[in-house]
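# Secondary and tertiary structure notes
Listed here are the chains, written in short residue letters.
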Amino acid sequence: MIATAEKIVDSGKAGLDTMTAVFNIAFDTSARLMALNLGTSRTLLQDGASRVTTMLDPQKAGELLTHDMGLGQSAIDNATACVRGAYEIVSEGQQAILQLMEPRIAEFNRELATSIDNAARSAPAGTDLALAAVMSALQLAKRATGASEPASEGPTEANEESSRRARKSA
């Protein structure tokens, strides 16, 4: 009974540590996204102020058309950089959380398999079919999550390719 209580306390501490680490990653990611948004907003505001200054200066009236085209390209470049930066920040946060959670999920799966094996040894006759179904379901879940990891890399590569094409065309 004492070993079980200690195991529960240790599990609770590990869960609390994991939750704290996930929150820290989420707050860091949010802070980086806010900084990116503020920087982009500042740049767009400075470009707009520059345009207004050019419009109000009668000596630079001839430069207005050239300035407008440059401002449009600048806005596109800023928007592209903002989206790319946001994508990178979110991807890094997601990767950090995934690296934090993978060992804990693997440990949970090992402990679950051990518990099921122990239950199978002490189970009454006739429960073999139910335990085999549970083990089969666990194996299917492992295969399904293992198969989904490489598939999750596909959209990332597709997003990078479309981002490269957009940069070339801009």
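Residues numbered from 1 in each chain as written. Predicted model: local features only at pLDDT ≥ 70, side-chain atom pairs only at ≥ 80, totals over all residues. Heavy atoms only, no water.

### Considerations on the overall build of the protein chain
Helices and strands together make up the secondary structure of the protein chain, namely 3 helices and 0 strands. Considering only contacts within the protein chain whose residues lie at least 6 apart along the sequence, 72% involve residues at least 24 apart. When the accessible surface of the protein chain is split by element, carbon and sulfur atoms take 64% of a total near 12,600 Å². (Helix = DSSP H or I, 4+ residues; strand = E, 2+ residues; numbered from the N terminus. Contact = heavy atoms within 4.5 Å. Areas by Shrake-Rupley, 256 points an atom, 1.4 Å probe, with all protein chains shown as cover.)

### With respect to the pattern of salt bridges
For side chains of opposite charge, pairing can occur when their charged atoms come near one another. Using the criterion set out here, one finds 2 salt bridges in the structure. Residues Glu92 and Arg32 are paired through a salt bridge, measuring 2.7 Å at the closest nitrogen-oxygen approach. Placement of the pair is Glu92 in helix H2 (residues 64–122) and Arg32 in helix H1 (residues 2–56), with a sequence separation of 60 residues. The class of Arg32 is partly exposed, set by a relative accessible area of 32%. (Salt bridge = Lys/Arg side-chain N within 4 Å of Asp/Glu carboxyl O. Buried < 20%, exposed > 50% of the residue type's maximum accessible area, 1.4 Å probe, protein only.)

### Digging into the confidence of the model for the protein chain
Residue-level pLDDT values for the protein chain average 78, and 76% of them are 70 or greater. When mean pLDDT is taken per element in the protein chain, H1 scores highest with 86 and helix H3 (residues 128–169) scores lowest with 63. Overall, residues 147–155 carries pLDDT values under 50, and its contacts beyond four positions in sequence, including any with other chains, amount to 1 contact. (pLDDT = per-residue confidence, 0-100.)

### Concerning the side chain of Thr18
Assignment of secondary structure puts Thr18 in helix H1. Judged by its relative accessible area of 8%, Thr18 is buried. Beyond its immediate stretch of four places on either side in the chain, Thr18 contacts Leu100, Met101 and Arg104.

### Looking at a nonpolar patch on the surface
The grouping of Leu16, Met19, Phe23 and Phe27 at the surface amounts to a nonpolar patch, some 440 Å² of accessible area in total. Considering the arrangement of structural elements, one finds Phe23 in helix H1. (Patch = residues over 30% accessible without salt bridge, like charges linked within 9 Å, V, L, I, M, F, W, Y side chains within 5 Å.)

### Regarding the environment of Gly85
Looking at the secondary structure, you find Gly85 in helix H2. Judged by its relative accessible area of 16%, Gly85 falls in the buried class. Between the C-alpha atoms of Gly85 and Leu33, which are 52 residues apart in sequence, the distance is 8.3 Å.

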